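Secondary and tertiary structure notes
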Amino acid sequence: MPDLTNTTWIYDVIYQLVFQVTTAITAPLRSTSDIYWVYLVSALIIGIFVALRHKEMDNGESSGFWNHFQSKYLSKNTWGHPSALLDMRYYVVNAVVFPLLFAPLALQSQTVVNFLNTWYSSFFEGASTHFFATSSVEEIVFKVIYTLLFFVAYDGGRFIAHSLLHDVEWLWEFHKIHHSAEVLTPFTAFRVHPIDLMVMGIFPAFTTGVVTWLFHVFVSQEIGFYTLLNLHVFICLFNFIDNIRHWNVWVTYPAPVNKWFISPAHHQLHHSADQAHWGCNRGFELAIWDRLYKTILTPSNTEQKIEFGLGDENPLNWRSLGQLYLNPFKNLANSVLQKQRISKR
Ligand SMILES: [Zn+2]
Ligand SMILES: [Zn+2]
């Protein structure tokens with residue numbers, strides 16, 4: 001029986017709450033965060049460039065540049081919209097809920113590596129590993145290959161997870177939370193149900209775990225990837241532009257680059273309420289997965305006016321924290337009850 005007279009657990013809970021909220025609020029100061037201030041500033045600079053180009057093309061407008069920038073990209077209609085304000089509240093609350101209740105259950109890449117190591121050594125005990133003698137030149141070559149393959153595995157794993165979230169009926173109920181956003185700001189990236197986050201974690205953990213294990217077996221246990229600002233170098237580089245995915249700044253790449261990489265505008269089309277766009281552009285950085293899966297929809301170079309949201313549901317059903325957390329369970333229970341009723345007829 002736990003000793004209920006012992007109240008130290010209350011202090012532990014309070015400490016954890018304060019710690020997680022502080023971690024969430026100070027995220028812009030940490031280089032491993034998606035909203036590290038450097039990445040926010042780079043998004044702002046890109047936004048200003050886009051606005052300058054837009055202004056150049058829009059000769060009829062007489063107001064100053066800042067007025068134009070503010071009214072189009074920092075407007076109250078977007079940043080003060082109930083959906084955007086809910087994203088900010090959800091960001092803080094989920095920063096407590098997810099690490100405390102769900103993160104301990106999440107699959108880690110290292111767990112996959114450890115499992116495969118145990119499996120391999122039980123079959124090939126004493127077998128010679130590290131087939132490639134590593135001279136310093138080979139070390140660099142393998143480090144480059146590992147850096148590339150790790151990224152491809154990570155991005156591919158995320159695509160598989162995101163695709164399942166769209167195609168599997170009960171998983172879609174959880175992913176709907178992200179798509180219920182009516183306006184996009186960088187905080188929308190965090191409007192993700194804990195179950196969605198778990199699914200989004202499992203697949204890249206598995207794919208990167210397999211790649212890492214293969215390199216451990218065949219190359220070296222010490223292999224690592226190149227890093228920048230404490231992150232995988234490519235993940236860091238994409239972070240400089242990724243906050244624009246959830247912001248109404250229309251950024252596409254030149255046609256040949258657009259074929260290989262998912263631009264922020266690709267992801268904005270992914271959020272479109274228009275049925276013709278549903279389920280398109282599920283990738284994160286590489287466009288190859290969507291091209292193979294035939295879900296690619298290339299955005300036009302000129303800005304497309306997009307209405308964001310689910311399209312087939314009342315947005316008022318997605319306006320509170322309770323609705324974001326509980327709607328999936330409510331909807332799933334309703335659909336089970338409905339199916340039971342139909343089968344009894
Ligand atoms: Zn999104
Ligand atoms: Zn999606």
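Before any of the text, the structure's been laid out above.
Let me sum up the structure you'll find in this document. Just so we're clear, the structure is a prediction, and the values are computed from it rather than from any experiment.

Digging into the overall build of the protein
- Helix and strand counts for the protein come out as 14 helices and two strands.
- In terms of its C-alpha atoms, the protein occupies a principal-axis envelope of roughly 75 × 60 × 50 Å.
- Of all 345 residues assigned to the protein, the portion counted as buried reaches 41%.
- Here the contacts in the protein between residues at least 6 apart in sequence split such that 73% fall between residues at least 24 apart.
- Here the protein displays about 19000 Å² of accessible surface, and carbon together with sulfur accounts for 66% of that area.
- Across the protein, the 22 positively charged side chains and the 25 negatively charged ones have centroids separated by 8 Å.

Comments concerning the coordination of the zinc ion (ligand 2)
- The protein atoms donating to the zinc ion (ligand 2) are His-162 (NE2), His-166 (NE2), His-175 (NE2), His-179 (NE2) and His-270 (NE2), with metal-donor distances spanning 2.1 to 2.2 Å.
- Sequence spacing among the residues donating to the zinc ion (ligand 2) works out to H-x3-H-x8-H-x3-H-x90-H.
- For His-166, a relative accessible area of 14% translates into the label buried.

Focus on the side chain of Asn-243
- Topologically, Asn-243 is positioned in the loop between α10 (233-242) and α11 (255-258).
- Taking relative accessible area as the criterion, Asn-243 reaches 7% and is therefore assigned buried.
- At a separation of 3.1 Å, a polar atom in the side chain of Asn-243 contacts the main-chain carbonyl oxygen of Asp-34.
- Those residues in contact with Asn-243 that sit more than four places away from it in its chain are Asp-34, Ile-35, Tyr-39, Leu-40, Ala-43 and Pro-186.

Quick notes on the pattern of salt bridges
- Tallied over the full model, the rule gives nine salt bridges.
- A salt bridge links Glu-313 to Lys-176; its shortest N-O distance comes to 2.5 Å. Taken as a pair, Glu-313 in the loop between α13 (288-293) and α14 (321-344) and Lys-176 in helix α8 (residues 169-179) lie far apart in primary sequence, 137 residues in all.
- Residue classification places Lys-176 among the buried positions, given a relative accessible area of 6%.
- Between Glu-285 and Arg-245 there is a salt bridge, with its nearest N and O atoms 3.7 Å apart. Of this pair, Glu-285 sits in the loop between α12 (264-270) and α13 while Arg-245 sits in the loop between α10 and α11, and the two are 40 residues apart along the sequence. Accessibility classification places Glu-285 together with Arg-245 in one group, the buried group.
- Put simply, Lys-72, Glu-303 and Lys-305 are held in one network by salt bridges that share partners.

Conventions and cut-offs
Residues numbered from 1 in each chain as written. Chains lettered and ligands numbered in written order. Predicted model: local features only at pLDDT ≥ 70, side-chain atom pairs only at ≥ 80, totals over all residues. Heavy atoms only, no water. Helix = DSSP H or I, 4+ residues; strand = E, 2+ residues; numbered from the N terminus. Buried < 20%, exposed > 50% of the residue type's maximum accessible area, 1.4 Å probe, protein only. Contact = heavy atoms within 4.5 Å. Areas by Shrake-Rupley, 256 points an atom, 1.4 Å probe, with all protein chains shown as cover. Lys, Arg positive; Asp, Glu negative; His and termini not counted. Charge placed at Lys NZ, Arg CZ, Asp CG, Glu CD. Donors = N, O, S within 2.8 Å, 3.2 Å for Na, K, Ca; no water. Polar contact = N/O pair within 3.5 Å; in protein donor to acceptor, adjacent residues only side chain to side chain. Salt bridge = Lys/Arg side-chain N within 4 Å of Asp/Glu carboxyl O.

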